[in-house]
Each structure stands twice: as C-alpha cells, then as structure tokens.
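# Observations on the model geometry
Okay, here's what each chain looks like letter by letter:
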Amino acid sequence: MKIFDYEDIQLVPNKCIVNSRSECDTTVTLGKYSFKMPVVPANMQTIVDETISEWLAENGYFYIMHRFEEEKRAPFIERMHAKNLIASISVGVKDYEYGFIDELAEKKLNPEFITIDIAHGHSDSVISMIKYIKEKLPETFVIAGNVGTPEAVRELENAGADATKVGIGPGKVCITKIKTGFGTGGWQLAAVRRCSKAARKPIIADGGIRTHGDIAKSIRFGASMVMIGSLFAGHEESPGETIVVDGVVKKEYFGSASEFQKGEKKNVEGKKIWVNHKGSLADTLNEMQQDLQSSISYAGGRDLEAIRKVDYVIVKNSIFNGDTI
Ligand SMILES: NC(=O)C1=CN([C@@H]2O[C@H](COP(=O)(O)OP(=O)(O)OC[C@H]3O[C@@H](n4cnc5c(N)ncnc54)[C@H](OP(=O)(O)O)[C@@H]3O)[C@@H](O)[C@H]2O)C=CC1
Ligand SMILES: Nc1nc2c(ncn2[C@@H]2O[C@H](COP(=O)(O)O)[C@@H](O)[C@H]2O)c(=O)[nH]1
C-alpha cells in the first residue's frame, strides 16, 4: 500500500490549452445538481449556519447545514424550498432521528440532500439509517460517513448511499488520532485514493485540506468533492465567538466532538482553536476558485476531469521547502 499525504505530493504540469485561466470550468455535479466548485464547507457549528447556507445556495455553491440545532431543521427545509433553493441537512443515527425522517416524509418535506454525519460511519447504525431514508425519502441524495476504508465505502454504497465521505481523524481540530490511535490522519490523501478505487459513486474527501492546492490533489486521487473546515473558519460571517489578543482579531473553531459542542466531557474527540480573522467568506471562495482554475490550466485542460489524469511525484514532506503560506 502506497502511503502519502497532501504535503508529500506534487502534480506534474501538462501543456496549457487555454489563453486565460478564466476559461477553466470548476463546475461539479452531485446527483441532479451542479455546483460552482467541488468544495463544501464542513457541517460544523463554527463553520456554517443557516444564513451562510442560504447564501451559499443562492450563489451556486454546495452546502451541508449541520445537525446541532435539531428542531430548526424542518423549518429550514421549508424556508429554503419557499425560495426555490436546495435543502441540504445533516442527521445522526440516534433513535429520535428515525422520528425526524418520518416527520419529513409525512409533511412531504423532501430535502434534496441528507448527510448522515457520525464519527465511525462503517457501522450497522449508518447502514440502517441509509436504508430508512431511502425507503421514506427515495428522491433524497444520501451522503454517508465518515469512513476510511474501501470495505466501508462498498458497504455503505450497497446499503443505498449515493456518496460516501472519507476521513477519520485528519481534521485540524480532531484529536481522534491521538486519543484512539485510529484513523486516516497523516495519510488522508492515500486513504482517499484507496477508497475511490473501490467506489462506484462519488467520494467526498473530508478533513486535512490545508492549502487550495490540496483541493486539486484530492480530485487527482479520486474525490468528487472536498469538505473543508479550518480554511473556512475565522471569517467575518463565521458563527462563533470573536476575541482580540494583542490587537489581533481571532475567531473560535471547535470540533463537533469537542466538549464545547457536546456541553460535557464525555467521549471527547475534538478540541477548540482560535484562528486569525480572515475577512469575507466570498473573497476566500473567489480565491479558491481562481486557484482551482489555475490548477486545471496546469493540468492541461479546461475542466476538473483534466486534473484526474495528471501524473504526480512523491516528494516526501519537502514541498514547502521552509516556506509558509
Ligand atoms: N471525521 C472524524 O474524524 C470525526 C468526526 N466527528 C464528528 O463529531 C460529531 C459527533 O460524532 P458522533 O460522536 O459519532 O455522533 P453522536 O454523538 O451523534 O453519536 C452517534 C452514535 O454513534 C455512537 N458512536 C460514536 N462513536 C462511536 C464509536 N467510535 N464506536 C461506536 N459507536 C460510536 C454514539 O454512541 P456513544 O457516544 O454512546 O458511543 C451514538 O449512539 C459528528 O459531527 C462527527 O462528524 C467526531 C469524531 C471523528
Ligand atoms: N476527530 C474529529 N473530527 C472532527 C471533529 N469535528 C469535525 N471533525 C472533522 O474535521 C473535518 C474538518 O477538517 P479540517 O481539517 O478541514 O478542519 C470535518 O468536516 C469533520 O469531518 C471532531 O470533534 N473530532
């Protein structure tokens, strides 16, 4: 098994076939819908809220609203549909979530996307929830996760998942790898590659993206989409507390399995960090898209498909050569 992570890889350029990077198309399709970029902000409470979700949907980006304000989910779907926007929500696997799916089915509130969001997604609890959603809301596109192995991808796909989310422990505020010794931390890109070789449906690479170039690398190794937390934390619009330390404005970013999220110190597998304020989310998304257009041009193509075919080299932990971003 070849083991590497984002830092260890450089993609090899091909002859350019465009006159301007603006000709390069970053559009991606997931299910019946197309989005501006193969990027989705993490469904975490300090990364997205309803306002950001609505803005992302209005502006052609994919979004997944988090599941940590459970009672707001049904009214959110109604509001999004009233505005002709797609509704994309998250669920867990506890017993009451079955009641929630029943409620949506009874009210004919079919969200376009549901993400089953738990830490250890290769489990009977997720398989059972996939089947239940598919029975009650057959039109809904189901994303299931998180997993880290080809076997898990196959099993969730066979249960009916329309896409699987790959990444156990590579996240910036994750401490799963330290507390349990398990996960894809340190080899997330190789795990994405292994999983995508087994997948028949889209893979979402989740966690560990530290630079915009990592998006292209994820696509090269088989992801259809990437989920990103830390790069989207700390924006003007980001939910959560803001503090000033020595004149520097910082915003909180905490893990969904942190005690800040859970409200108790039980099975904690996440931490909180303070990130420097980054300006507006729209500016970051624009820059990300421009960088991805540039990636496509270096791949020698006009769309994301070009990136999937490029050659690569392994340059063990040396690509930054002492530089920082
Ligand atoms: N991508 C990642 O690496 C990780 C992501 N997270 C995020 O944290 C949030 C909370 O996740 P989670 O704790 O799963 O959600 P929940 O607290 O909703 O737990 C879901 C169910 O799974 C059980 N469960 C959780 N972890 C395990 C495990 N390792 N083995 C067996 N059963 C388990 C829980 O029971 P009980 O708690 O009693 O065990 C509960 O019944 C999610 O948003 C998730 O995405 C968390 C950790 C890792
Ligand atoms: N192990 C944990 N992983 C977590 C937790 N909360 C979120 N996450 C995962 O991290 C990614 C975001 O990663 P980033 O590197 O882009 O910041 C997110 O999508 C989840 O999959 C947690 O508490 N523990």
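Conventions we followed
Residues numbered from 1 in each chain as written. Chains lettered and ligands numbered in written order. Predicted model: local features only at pLDDT ≥ 70, side-chain atom pairs only at ≥ 80, totals over all residues. Helix = DSSP H or I, 4+ residues; strand = E, 2+ residues; numbered from the N terminus. Rg over C-alpha atoms; globule rule 2.2 N^0.38 Å. Buried ≥ 20, exposed ≤ 12 C-beta atoms within 10 Å, placed from the backbone. Contact = placed C-beta atoms within 7 Å. Near = placed C-beta within 6 Å. Nonpolar A, V, L, I, M, F, W, Y, C, P; charged D, E, K, R; others polar. UniProt positions renumbered as here; feature names shortened; annotations may be inferred. Pairing = 2+ DSSP bridges. Right-handed = clockwise from strand over helix to strand, strands pointing away.

The next thing to look at is the overall build of the protein chain. Along its length, the protein chain carries 11 helices and 14 strands. For the protein chain, the C-alpha radius of gyration of 19 Å lies close to 20 Å, the compact-globule estimate for 325 residues. Taken over 325 residues, the protein chain has a buried fraction of 46%. Considering only residue pairs separated by 6 or more positions, the protein chain has 65% of its internal contacts joining residues 24 or more positions apart.

Close contacts around ligand 2 come from 24 residues, with Gly 171, Cys 174, Gly 229, Gly 255 and Gly 270 the closest. Of the residues belonging to the shell around ligand 2, the class tally is 8 nonpolar, 13 polar and 3 charged.

Moving on, we get to the UniProt feature "domain: IMP dehydrogenase/GMP reductase" (unreviewed entry) in the protein chain. Mapped onto the present numbering, the UniProt feature "domain: IMP dehydrogenase/GMP reductase" (unreviewed entry) falls at residues 5–310. Strand forms 18% of residues 5–310 and helix 34%; the C-alpha atoms that close the span are 17 Å apart.

We now examine the site of ligand 1. Around ligand 1 lies a shell of 20 residues, among which Gly 92, Ile 118, Ala 119, Ser 256 and Ala 257 are the nearest. When the residues that make up the shell around ligand 1 are grouped by side-chain class, the tally is 6 nonpolar, 11 polar and 3 charged.

Before going further, it helps to spend a moment on the environment of Ala 152. Its place among the elements puts Ala 152 in helix 5 (residues 150–159). With residues near it in sequence (within four places) discarded, Ala 152 still touches Gly 121, His 122 and Val 147.

Here Thr 46 lies in the loop between strand 4 (39–41) and helix 1 (50–58). Owing to 28 C-beta atoms within 10 Å, Thr 46 belongs among the buried residues under this scheme. Between the C-alpha atoms of Thr 46 and His 235, which are 189 residues apart in sequence, the distance is 10.0 Å. When near neighbours in sequence (up to four residues on either side) are disregarded, Thr 46 contacts Ala 233, Ser 238, Pro 239, Gly 240, Glu 252, Tyr 253 and Phe 254.

At the junction of Gly 145 and Asn 146, the peptide bond is cis and its omega measures out at 0° in the coordinates. For Asn 146, the position within the fold is in strand 7 (residues 141–147). Even without glycine at this site, Asn 84 takes up a positive phi of about 60°. Considering the arrangement of structural elements, one finds Asn 84 in the loop between helix 2 (73–82) and strand 5 (88–91). Residue classification places Asn 84 among the exposed positions, given that 8 C-beta atoms sit within 10 Å. Its identity as a non-glycine residue notwithstanding, Asp 246 has a phi of 50°, on the positive side. Structurally, Asp 246 is set in the loop between strand 11 (242–245) and strand 12 (248–254). Overall, Asp 246 belongs to the exposed group, with 5 C-beta atoms counted inside 10 Å.

A few words now on the pairing of strand 6 (residues 113–117). Along strand 6, 5 of the 5 residues are buried, which leaves the element largely enclosed by surrounding structure. Residues Phe 113, Thr 115 and Asp 117 point to one face of strand 6 and Ile 114 and Ile 116 to the other, with burial holding for every one of them. In this sheet, strand 6 lies alongside strand 5 in parallel orientation, the contact comprising 4 bridges. Residue pairing for strand 6: Ser 90 is matched across the bridge by Thr 115. On the question of chirality, the crossover connecting strand 5 to the parallel strand 6 by way of helix 3 (residues 95–106) is right-handed. Both strand 6 and strand 7 contribute to a ladder of 5 bridges, which runs parallel. Each bridged residue has a counterpart across the sheet, and for Asp 117 the counterpart in strand 7 is Gly 145. Each parallel crossover has a hand, and for strand 6 linked through helix 4 (residues 124–136) to strand 7 it is right-handed.

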